[in-house]
Structure formats: C-alpha cells, structure tokens
Amino acid sequence: MSTSYLIKNVAVLGGTPSDLLLQDGVVRDAADAPADAEVIDATGLVALPGLVDLHTHLREPGREDAETVETGTQAAALGGFTAVFAMANTEPVADTAGVVEQVWRLGREAGHCDVYPVGAVTVGLGGERLAELGAMADSAARVRVFSDDGRCVSDAVLMRRALEYVKAFDGVIAQHAQEPRLTEGAQMNEGELSGRLGLAGWPAVAEEAIIARDCLLAAHVGSRLHVCHVSTAGSVDIVRDAKRKGWAVTAEACPHHLLLTDELAATYDPIYKVNPPLRSATDVEALRAGLADGTIDIVATDHAPHPHEDKDCEWSAAAFGMLGLETALSIVQHTMVDAGLLDWAGVAERMSYAPARIGRVTDHGRPIEVGEPANVVLYDPAATRTIDPSESASLSRNTPYRGMELPGRVVATFLRGKATVLDGKLA
Ligand SMILES: NC(=O)N[C@@H](CC(=O)O)C(=O)O
Ligand SMILES: [Zn+2]
Ligand SMILES: [Zn+2]
C-alpha cells in the first residue's frame, strides 16, 4: 500500500491554513485521513501545485558528463518541479520519434518528475529541413512543444512551415530568438560595457527582430508561438502588442534574467555567460513588470548544465548557460513575491498552470483541490539558505548564485502523491 500524507496547517497558495490529504495519487478531503497516514506539520509552509518547467536541458543522450535524466530530474524535484520539458539539443538531437521516446522512457524510469521531451524543429538543429514533427507528436512521448533551442530557426520559410505543420496536433513552436547574422561571435549584451570589456556584443535588436517576425508569422498562419527566454524590454513590448492583437503568442522569462545584469560580465567570470546574455537593469525591470502583468506568461529555468572544463576557462572559450532548477523558486520569491509584484497564486499560474497549458499537458498544472492529481510542493518562504554548488543534485556546478543568500526552501515535493523530496532532501 502506498503512503498517505496528512499535511496539517498548510497555506494553499498562501491562503488561510488548512489540512490536506494526499492519498492514492490524488488530493482528498483531510477529514477522510486514515489512522496510519503520515502526518506532516506544515505550519508556516505554503503549498503550491507541482512546478512545471517548460525549458530544461537534461543533456541525455550524449552529454552525460554534464547531466543525465536521473540527475537533472533529481535537481528538478529538489526545486519543487513535478514536470520538466527536456530540450532537444542533445547528441543525437531529439529530432525523431526514437530519440524522444528514449528520453520519455528514461524520465519514467527515473521517477523523480515527469519528463516531456521537446522535439527539434529541424533535422539535427541544422535549420534546413523540417524534422519529423508528426511522428514525434504521434509517438509514445506525445510531443507538443518543438524547438531548435540553442539555435534560432532563422529561415522565415522554414519557421512558417513549422508553425503551419504543428496546427494539426495543437503543437507550439518555441523559438530561441537570435538573429544569427547580428550575433556572430557575440559574447555578452551589446552596450557601453561590452565595448569597454572588449567582448563582442549581442544586441537587443537581434532578439527583438526575430520575435517581431515570428509574431507576425504566427498570426499570419493562425498558429501558436512560444518565445523562449525573453531578455529585453523591447521584446516585452513586442509580446505585449501581439497579445493585445489577440495573437496566440506566449513568452517565458528565466530567473537569472529577473535578477542579474550585464555588469557581472566585468568579472570576466564565465559563470555569468548565458544565451541570451544578462542585460541591463532597465531590461530586468521591464521583465519583472511584464511577468507581473501577464505579458510574460511563465518563468522557465533554461537549466543549462555544463561540466567545469567548459566553464572554468577564458570567457570567450566558455559555454553559454547556467543551472536553474534548484534555485528558480527562490529567485522568483526574491524578485517578484518579496518585491510585492506577485502573490503565491500568481506564482502558481506562472510556474505551474500556464506552462502546463502551453505544453498541452493535462495532469500537471492543476489546482490543489479534492480529486485532482497530488502534484504538490511544500515551500518555506521564511527560510534562507546560502547557495553551495557542491550540494546540487546536478552533475554540473555552474550556478551563478554561489555564496548568495537566497530566501525560501523547498521542504517537500509530491508526484502523484508519492514524495520525491522530504525534509528538503531526495526521498
Ligand atoms: N541558454 C544557454 O546559454 N545555453 C543553452 C542553450 C539555449 O538555451 O539557448 C544550452 O543548451 O546550454
Ligand atoms: Zn535558447
Ligand atoms: Zn535553453
């Protein structure tokens, strides 16, 4: 028999404390708790629906030195996630039914959280021929999100065809918006600082031009576009405009873009090297405002593990990317909740309900109500912790928050009523 959990005195979405029963994989009325239910005193804790990350790099197959499905989903569970969408830029690329089924199966076997593979848009992320989108959609992995993330689908005709193709199964194209010709050799945000540091600049317009083009294309063909890791104030404006026109455009912001700025590049420490790059304080403020008013639909981690030999080197030689799964909720608390921009219901919308909706997943992103799947995270917003990379479940150590004191701690995560994390540790 599986364990039942009676969670006492928990503030669901930060509301008035009540009791919750998780039994047989679903949320039940606490009054029906069996005598042998495991009791958790959740006084002071907030219950949120299991978090859903629409943008994770699990690196398997091919780069198991950086991360595996096992370790990446452990990090996810520790961060309060019950589902992650695994990006397609693996080796081999997830551009066939075979590879997406393999990733999906590895996720099931690991059991720490559900893994939904993202399918590549083009063969080998080559940007030349459409991958077998229909076969991936029809596979056991039931792919609905397609992305060449890491690369931009820069060919307008190919992007149009992809948007048209996925309409047949209600899919979405998640675009890594980066005009390649405007970003050749780019190392950091283009601005006064990049000139001073002698690092090639990644201009905001290279992101904004692609987002504007793709919003127009999505509207033209009547399809769904999702914009990955929005990083500039101008991008927020473009998405806001597209939404006002009623176009089916959604967008994500990453925790690091909500907190960190390009000033950190002055350290020349590649821990701060990420794509798109850290931008200005004005951009950070616009992202927070966009996330608060719903222009930016979701927070996605873009968890991008890299082994130390790809990060502990000179800036221009280092890989782009930073860890995100285990710190995302703390960064959102710090930048949005503690700043008075979002309440916990708003966090649930942006880190669980909306990402599940965009990814067309129905058993995650559900409210914590009787009869719903017991995908729940218990979070202590009053706790603080100092980030120690060596404590991460990830195989990689590239967190930009090393040594920082962050608010909040994930106390427990439940996947279909089974504890994946208890007392802040893997169960
Ligand atoms: N974000 C990054 O800096 N890196 C990602 C690729 C990506 O998300 O574009 C990676 O795969 O390492
Ligand atoms: Zn990307
Ligand atoms: Zn990514």
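Model, not experiment: these values are computed from the prediction. (Residues numbered from 1 in each chain as written. Chains lettered and ligands numbered in written order. Predicted model: local features only at pLDDT ≥ 70, side-chain atom pairs only at ≥ 80, totals over all residues.)

When you go through the protein chain residue by residue, the secondary structure sums to 12 helices and 19 strands. The globule rule puts the C-alpha radius of gyration for 427 residues at 22 Å, and the 20 Å found for the protein chain is close to it. Judged by the C-alpha coordinates and their principal axes, the protein chain covers about 65 × 45 × 45 Å. Looking at the protein chain residue by residue over its 427 residues, the buried ones come to 57%. For the protein chain, the share of sequence-separated contacts (at least 6 apart) that also reach a separation of at least 24 residues comes to 75%. (Helix = DSSP H or I, 4+ residues; strand = E, 2+ residues; numbered from the N terminus. Rg over C-alpha atoms; globule rule 2.2 N^0.38 Å. Buried ≥ 20, exposed ≤ 12 C-beta atoms within 10 Å, placed from the backbone. Contact = placed C-beta atoms within 7 Å.)

The next thing to look at is the domain arrangement of the protein chain. For the protein chain, the assigned domains are domain 1 (5-46 + 372-426) and domain 2 (50-358). Spacing between the C-alpha centres of domain 1 and domain 2 amounts to 26 Å. In this assembly, 28 residues from domain 1 lie in contact with 40 residues from domain 2. Taken together, the elements giving at least two residues each to the side of domain 1 that touches domain 2 come down to β16 (376-386), β17 (405-415) and β18 (418-422). Sort the elements by how many residues they give to the side of domain 1 that touches domain 2 and β17 lands first, with six residues. Considered class by class, the residues forming the side of domain 1 that touches domain 2 number 17 nonpolar, 10 polar and one charged. (Domains from an automatic or database assignment. Nonpolar A, V, L, I, M, F, W, Y, C, P; charged D, E, K, R; others polar.)

Read from one edge to the other, the open sheet built from three strands follows the order β6-β7-β8, with strand pairing classed as parallel. One side of each edge strand has no neighbouring strand; the edge strands of this open sheet are β6 (51-56) and β8 (114-117). Between one strand and the next, the sheet's axes are offset by a mean angle of 20°, whatever the strand orientation. Pairing analysis gives four bridges linking strand β7 (residues 81-86) to β8, with the strands arranged parallel. (Pairing = 2+ DSSP bridges. Axes fitted to C-alpha atoms, helices over the stretch in contact; angles between N-to-C directions.)

With that out of the way, let us pick up the UniProt feature "domain: Dihydroorotase catalytic" (unreviewed entry) in the protein chain. According to UniProt, the feature "domain: Dihydroorotase catalytic" (unreviewed entry) maps to residues 46-233 in the numbering used here. A helix fraction of 35% and a strand fraction of 18% characterise residues 46-233, whose end C-alpha atoms lie 32 Å from each other. (UniProt positions renumbered as here; feature names shortened; annotations may be inferred.)

Next up on the list: helix α2 (residues 97-110). Since the α-helix turns once every 3.6 residues, residues separated by three or four places project in the same direction. Between its first and last C-alpha atoms α2 spans 20 Å; for 14 residues at 1.5 Å apiece the expected length is 20 Å, and the two agree. Among the residues of α2, those classed as buried are Val99, Val100, Val103, Trp104, Leu106, Gly107 and Ala110. Along α2, the residues classed as buried sweep out an arc of 155° about the axis, all on the same side. Exposed and oriented more than 90 degrees from the buried face of α2 are Arg108 and Glu109. On the buried face of α2, the contacting elements are α1 (69-78), β7, β8 and α3 (133-138). Once α2 finishes, glycine 111 follows within two positions and takes phi at roughly 75°, a positive value. (Expected span 1.5 Å × (residues − 1). Arc of directions from axis to C-beta.)

The next thing to look at is the pairing of strand β14 (residues 249-253). Most of β14 sits inside the fold, with five of its five residues counted as buried. The side-chain alternation of β14 yields two buried faces, one formed by Val249, Ala251 and Ala253 and the other by Thr250 and Glu252. Relative to β14, strand β13 (residues 225-227) runs parallel, the two sharing three bridges. The partner of histidine 226 across the bridge, within β14, is threonine 250. Assessed by its sense of winding, the connection that carries the chain from β13 through helix α7 (residues 233-244) to β14 is right-handed. Two strands pair when backbone bridges link them, and β14 and strand β15 (residues 298-299) are joined in this way by two bridges, in the parallel orientation. Looking at β15, one finds that alanine 253 is bridged to valine 299. (Right-handed = clockwise from strand over helix to strand, strands pointing away.)

Attention now goes to the site of ligand 1. Contacts to ligand 1 come from His57, Asn89, Asp149, Gly150, His176, Val274, Asn275, Asp302, Ala304, Phe320 and Gly321. Partitioned by chemical class, the residues of the shell around ligand 1 number three nonpolar, six polar and two charged. (Near = placed C-beta within 6 Å.)

Quick look at the packing of helix α4 (residues 156-166) against helix α6 (residues 204-221) now. The N-to-C vectors of α4 and α6 enclose an angle of 45°; their axes lie 10 Å apart at closest approach. One element, α4, and the other, α6, form an angle in the oblique class. Note that α4 runs across α6; the crossing there is right-handed. The residues of α6 that touch α4, namely those facing Ala156, Met159, Arg160, Leu163 and Glu164, are Arg213, Asp214, Leu217, Ala218 and Val221. Grouping the constituent residues of the contact of α4 with α6 by class yields six nonpolar, no polar and four charged. (Parallel < 35°, antiparallel > 145°, perpendicular 65-115°, else oblique. Left-handed = near helix turned anticlockwise from the far one by under 90°.)

Two orientations exist for strands paired in a sheet by backbone hydrogen bonds: parallel and antiparallel. Pairing is parallel across the open sheet formed by five strands, whose spatial order is β9-β10-β13-β14-β15. Pairing within the sheet leaves two strands with one partner each, and these edge strands are β9 (145-146) and β15. Where strand β10 (residues 172-175) lies against β13, three bridges are found, and the strand directions are parallel. Each bridged residue has a counterpart across the sheet, and for isoleucine 173 the counterpart in β13 is leucine 225.

Another aspect to go through is the UniProt feature "binding site: Zn(2+) 2" (unreviewed entry) in the protein chain. UniProt tags Asp149, His176 and His229 as "binding site: Zn(2+) 2" (unreviewed entry). In terms of the greatest pairwise C-alpha distance, the residues named above, spread along 81 residues, form a tight cluster of at most 10.0 Å across. Looking at the secondary structure, you find histidine 176 in the loop between β10 and β11 (188-189). Accessibility expressed as a C-beta count within 10 Å gives 25 for histidine 176, which makes it buried. Excluding anything up to four places from it in sequence, histidine 176 contacts Ser147, Asp148, Asp149, Gly150, Arg151, Cys152 and Cys228.

Another point: the nonpolar core. Ala47, Val118, Phe146 and Leu378 are the most contacted members of the largest nonpolar core, which totals 137 residues. Shared between two domains, this core holds at least three residues of each, these being domain 1 (5-46 + 372-426) and domain 2 (50-358). Here valine 118 is in contact with Phe85, Ala86, Met87, Ala88, Ala94, Val143, Val145, Phe146, Ser147 and Ala174, once residues within four sequence places are set aside. (Core = buried A, V, L, I, M, F, W, Y, C linked by C-beta atoms within 7 Å.)

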